[in-house]
Amino acid sequence: MKRLQNKIAESGLLLPAAALIGVVSVAASLLGALPTYEGWASLACFALTAYIMVEMSNANALIRVRSRMVTSTFIILSAAAGFLIGPIPPVVTQLSFVAASLIIFTTYQDRQAWGRTFYAFFFIGLASCTFVQTFMLVPLLWILMATQLQSLSWRSWLASLMGIATPYWLMLPWLIFEGDFTLWTAHAERLMTLHTPFDLSVVSLPQILIFVFTLVLSIIGMVHFWSRSYEDKIRIRLLYGLFTTMTFACAVMLVVQPQHYATLMRLMIVFASPLIAHFFTLTSSRLTNALFIAAIALAAVIGVLTRLWPLLTTA
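A. Representation of the overall build of the protein. What the protein contains, in helices and strands, is 13 helices and 0 strands. Listing the helices and strands of the protein from first to last along the sequence gives α-α-α-α-α-α-α-α-α-α-α-α-α. A globule of 315 residues ought to have a C-alpha radius of gyration of about 20 Å, and the protein, at 20 Å, matches this closely. If you line up the protein on its principal axes, its C-alpha atoms span 65 × 55 × 35 Å. The proportion of buried residues among the 315 residues of the protein is 47%. Look at the contacts in the protein between residues 6 or more apart in sequence, and 80% of them connect residues 24 or more apart. Surface exposure of the protein reaches about 15,200 Å², of which carbon and sulfur atoms provide 73%. Distance from the positive charge centre (17 side chains) to the negative charge centre (10 side chains) of the protein: 17 Å.

B. Here's a closer look at the nonpolar core. Counting 81 residues, the largest nonpolar core has F121 and F243 as the members making the most contacts within it. Top contributing element to this core by residue count: helix 12 (residues 261-282), with 14 residues. Among residues more than four places away in sequence, those in contact with F121 are I104, V138, L141, W142, M145, S160, G163 and I164.

C. Up close: helix 5 (residues 88-104). If you check helix 5, its first and last C-alpha atoms are 24 Å apart, about what 17 residues at 1.5 Å a residue would give, namely 24 Å. With 14 of 17 residues buried, helix 5 is to be regarded as a mostly interior element.

D. Structural view of unusual backbone geometry. Positive phi, close to 45 degrees, is recorded for A61, a residue that is not glycine. Examined against the element boundaries, A61 turns out to sit in the loop between helix 3 (37-60) and helix 4 (69-81).

E. Broad picture of the environment of T314. Here T314 shows up in helix 13 (residues 286-314). Assessed through its relative accessible area of 65%, T314 is described here as exposed. Sequence separation of T314 and S151 is 163 residues, and the distance between their C-alpha atoms is 52 Å.

F. Region of the structure containing the layout of surface pockets. One number sums up the size of the largest pocket: a volume of about 580 Å³. Lining the largest pocket we find 27 residues, and of these I21, I76, I296, A299 and A300 sit closest to its centre. Tallying contributions element by element places helix 13 first for the lining of the largest pocket, with 8 residues. The class makeup of the residues in the lining of the largest pocket is 22 nonpolar, 4 polar and 1 charged.

G. Fine view of the side chain of H260. Examined against the element boundaries, H260 turns out to sit in the loop between helix 11 (234-256) and helix 12. For H260, a relative accessible area of 17% gives the class buried. Apart from residues no more than four positions distant in its own chain, H260 is found in contact with F131 and Q133.

H. Molecular detail of empty space enclosed by the protein. The tally for this structure, following the rule as stated, stands at 1 cavity of 30 Å³ or more. When its volume is computed, the largest cavity comes out at roughly 110 Å³. A100, S101, I104, L141 and L242 are the residues nearest the centre of the largest cavity, which is lined by 14 residues in total. When contributions to the lining of the largest cavity are tallied by element, the ones reaching two or more residues are helix 5, helix 6 (114-130), helix 7 (138-147) and helix 11. Broken down by element, the residue count for the lining of the largest cavity peaks at 4 residues, all from helix 5. For the lining of the largest cavity, the per-class residue count stands at 13 nonpolar, 1 polar and no charged.

I. Here's a closer look at helix 10 (residues 205-227). For helix 10, spanning 23 residues, the distance from its first C-alpha to its last is 33 Å, which sits close to the expected 33 Å at 1.5 Å a residue. Taken residue by residue, helix 10 has P206, I210, F211, F213, T214, L217, S218, G221, M222, H224 and F225 as its buried positions. Next to the buried residues of helix 10 lie helix 4, helix 11, helix 12 and helix 13.

J. Representation of the pattern of salt bridges. Enumeration over the complete set of coordinates arrives at 5 salt bridges. Across the salt bridge formed by R64 and E231, the nearest N and O atoms sit 2.5 Å from each other. Here R64 is found in the loop between helix 3 and helix 4, whereas its partner E231 is found in the loop between helix 10 and helix 11, with 167 residues between them in sequence. The salt bridge involving R64 is made with D232; its shortest N-O contact spans 3.1 Å. In this pair, R64 sits in the loop between helix 3 and helix 4 while D232 sits in the loop between helix 10 and helix 11, placing the two residues 168 residues apart along the sequence. Among the charged side chains, a network of salt bridges with common partners joins R64, R228, E231 and D232.

K. Representation of the packing of aromatic side chains within the structure. For the coordinates displayed, the defined rule picks out 14 aromatic pairs. The interplanar angle of 55 degrees and the centroid separation of 6.2 Å between the aromatic rings of F83 and Y261 together place this pair among those described as tilted. Remark: Y261 occurs in helix 12 and F83 occurs in the loop between helix 4 and helix 5; sequence separation between them is 178 residues. Seen from their ring centres, Y240 and F243 are 5.4 Å apart, and the 90 degrees between their planes marks the pair as edge-to-face. A residue pair is termed a helical-turn pair when its members lie 3 or 4 positions apart in one helix, as Y240 and F243 do in helix 11 at 3 residues. Relative accessible area serves as the criterion here: at 0%, Y240 is assigned to the buried category. Taken together, the aromatic side chains of F105, F225, W226, Y240 and F243 make up a single cluster linked through ring pairs.

Conventions we followed
Residues numbered from 1 in each chain as written. Predicted model: local features only at pLDDT ≥ 70, side-chain atom pairs only at ≥ 80, totals over all residues. Heavy atoms only, no water. Helix = DSSP H or I, 4+ residues; strand = E, 2+ residues; numbered from the N terminus. Rg over C-alpha atoms; globule rule 2.2 N^0.38 Å. Buried < 20%, exposed > 50% of the residue type's maximum accessible area, 1.4 Å probe, protein only. Contact = heavy atoms within 4.5 Å. Areas by Shrake-Rupley, 256 points an atom, 1.4 Å probe, with all protein chains shown as cover. Lys, Arg positive; Asp, Glu negative; His and termini not counted. Charge placed at Lys NZ, Arg CZ, Asp CG, Glu CD. Core = buried A, V, L, I, M, F, W, Y, C linked by side-chain atoms within 4.5 Å. Expected span 1.5 Å × (residues − 1). 1 Å grid on protein atoms, 1.4 Å probe; cavity = no way out; pocket = protein on both sides within 12 Å on 5 of 7 lines; lining within 4 Å. Points joined across faces, edges and corners; volume = space filled by probe spheres on them. Nonpolar A, V, L, I, M, F, W, Y, C, P; charged D, E, K, R; others polar. Salt bridge = Lys/Arg side-chain N within 4 Å of Asp/Glu carboxyl O. Phe/Tyr/Trp six-rings, centres within 6.5 Å; stacked < 30°, edge-to-face > 60°.

Rendered as structure tokens:
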């Protein structure tokens, strides 16, 4: 029996509706202020990220029925968190990770995909240029290549190192011309600088709510997927293993170093979206239908609170 959640998840109007919600969210964010160049640039990066999410979902058949739920979930969560526009570095980091994921997924069980591994880790290197803590995730990505994608070999590992280093090599001529290498040294120092862990004073109530909301739905999605994983192909199980690991990794990093919330929450949403979308698309009970409706309502409430919070705290 198809319930409301299934009809919405399989509807061809789902993605346009999610995009419309995104437009309304952007309009609400810009209300009372002229849009800036940075705002439009970050919005363009977000739109490109959403498009790549569509391609990633289609190319890998992340959900075994025709659905745009993965990308729509990504847009809704981003809108609730106020992430459709914002500072450029976190948006570029998110875009780079999604582009890297799209490429690296094509290396599944191909230990000779050195070129694709290079290009995937080129985007990881690009992400590290805007968020140096990306380097903390690189060893985990190598482990996931070996265990989930089954594509890690000595040559692909070397290709990944070259890919990560390439953005820095491309910056080298400019640094030599300027005669100033402090940009690199300051960048490296930020990697070694650890701020006060578990410091909730650097995050607001809406930020905590969207984190808990996303994490709880992700865990529900994980439990559902792994309890019914036999219904999916082995390749899909391995990809969802990657999503599960990366979601937890981002969540742990965010809890330990909440000052990096703007970037880590964006990454967490990317990897959590398939887990949440899979759950809501492929379940059909009164309980899950009620949870689906409640999740939409709660996302709307958090989205409104996110935009009103600055006014409430300054009133």
